[in-house]
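Overview (structure and organization)
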Amino acid sequence: EDQVTQSPEALRLQEGESSSLNCSYTVSGLRGLFWYRQDPGKGPEFLFTLYSAGEEKEKERLKATLTKKESFLHITAPKPEDSATYLCAAQTHYGGSQGNLIFGKGTKLSVKP
Amino acid sequence: EPEVTQTPSHQVTQMGQEVILRCVPISNHLYFYWYRQILGQKVEFLVSFYNNEISEKSEIFDDQFSVERPDGSNFTLKIRSTKLEDSAMYFCASRATSGGAEQFFGPGTRLTVL
């Protein structure tokens, strides 16, 4: 069964304290690995897509990396406004699939000033 | 910047009633999706829609659910007879036909079934 697991469930950081969020996936054939940010009561906001092992993408204080089994979201010198739930989702190669996403439960990040 | 919009933001209904959730996808996108998120749980795929027909659906999307694109801009999810366990956030998403595979999500409709 295709599965996406994120850890930790919750992470509390001090402003400026860098850390990483983990997303491990078990899917039949990975088409793409997505990272989203979700604020309370809002829809997921697209951050990154990664397609192949070794790929990296950056946006401001965030960097996403991908291996054959997991992805990491590195947060460098976070600020309070980075507080949110970060969701990881896998898209598979199923024949005929229009690309539905399999989500993890997310990591709730809190950054204290 | 173009965005997916959803109405209403919050819908309260009685068990057994029909509800229609509405979405306006990004204008040049042709793949459409509905997902739901029960409070405290994962975002779950319900259905995908392309070229005026359902492409794929999950086990959750049973005969009580239907989708429709009634005109060139709206995409709707209908729940025929709501149950208590249908209470959740429902998200619409859309994707362009070419370029990246990214799906862009709307702000969601919170459905509360009493």
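Before going into details, it helps to say that this report is about the structure given with it. Predicted, not measured: the structure shown is a model, and the values here were computed from it. (Residues numbered from 1 in each chain as written. Chains lettered and ligands numbered in written order. Predicted model: local features only at pLDDT ≥ 70, side-chain atom pairs only at ≥ 80, totals over all residues. Heavy atoms only, no water.)

A few words now on the interface of chain B and chain A. Opposite the 24 residues of chain B that make contact, chain A presents 21 residues. Interface area for chain B against chain A, summed over the two sides, is near 1,800 Å², with a carbon-plus-sulfur share of 54%. The interface formed by chain B and chain A contains 5 residue pairs in polar contact (both at pLDDT 80 or more). Elements supplying a minimum of two residues to the side of chain B that touches chain A: β4 (31–37), β5 (43–50), β6 (53–57), β9 (88–95) and β10 (104–105) of chain B. (Contact = heavy atoms within 4.5 Å. Buried area = accessible area lost by both parts, 1.4 Å probe. Polar contact = N/O pair within 3.5 Å; in protein donor to acceptor, adjacent residues only side chain to side chain. Helix = DSSP H or I, 4+ residues; strand = E, 2+ residues; numbered from the N terminus.)

Across soluble globular proteins, you tend to see nonpolar side chains buried next to one another. Residues Leu33, Trp35, Leu73 and Tyr86 of chain A are the most contacted members of the largest nonpolar core, which totals 24 residues. Broken down by secondary-structure element, the contributors of at least two residues to this core are β2 (10–14), β3 (19–26), β4 (30–38), β5 (45–50), β7 (62–66), β8 (70–75), β9 (84–92) and β11 (107–112) of chain A. Of all hydrophobic cores here, the second largest spans 22 residues; its members include Cys23, Trp34, Leu46 and Ala88 of chain B. (Core = buried A, V, L, I, M, F, W, Y, C linked by side-chain atoms within 4.5 Å. Buried < 20%, exposed > 50% of the residue type's maximum accessible area, 1.4 Å probe, protein only.)

Take the state of the cysteines next. Residue and element names in this part refer to chain B. Scanning the model with the defined rule gives 2 disulfides over all chains in all. A sulfur-sulfur distance of 2.0 Å marks the disulfide that ties cysteine 23 to cysteine 92. The disulfide joining cysteine 23 to cysteine 92 has a torsion of about -60 degrees about its S-S bond and is therefore left-handed. Here the residue cysteine 23 occupies a position in strand β3 (residues 19–24), and cysteine 92 occupies one in strand β9, the gap between them amounting to 69 residues. Like cysteine 92, cysteine 23 is buried. (Disulfide = S-S within 2.5 Å.)

The next point concerns the environment of serine 71 of chain A. All names here are of chain A. For serine 71, the location among the structural elements is in strand β8. Using a relative accessible area of 0% as the deciding quantity, one classes serine 71 as buried. Placed 35 residues apart in sequence, serine 71 and tyrosine 36 show a C-alpha to C-alpha distance of 13 Å. Sequence-distant contacts of serine 71, defined by excluding residues within four places in its chain, comprise Leu21, Asn22, Cys23, Leu33, Trp35, Leu50, Thr65 and Leu66.

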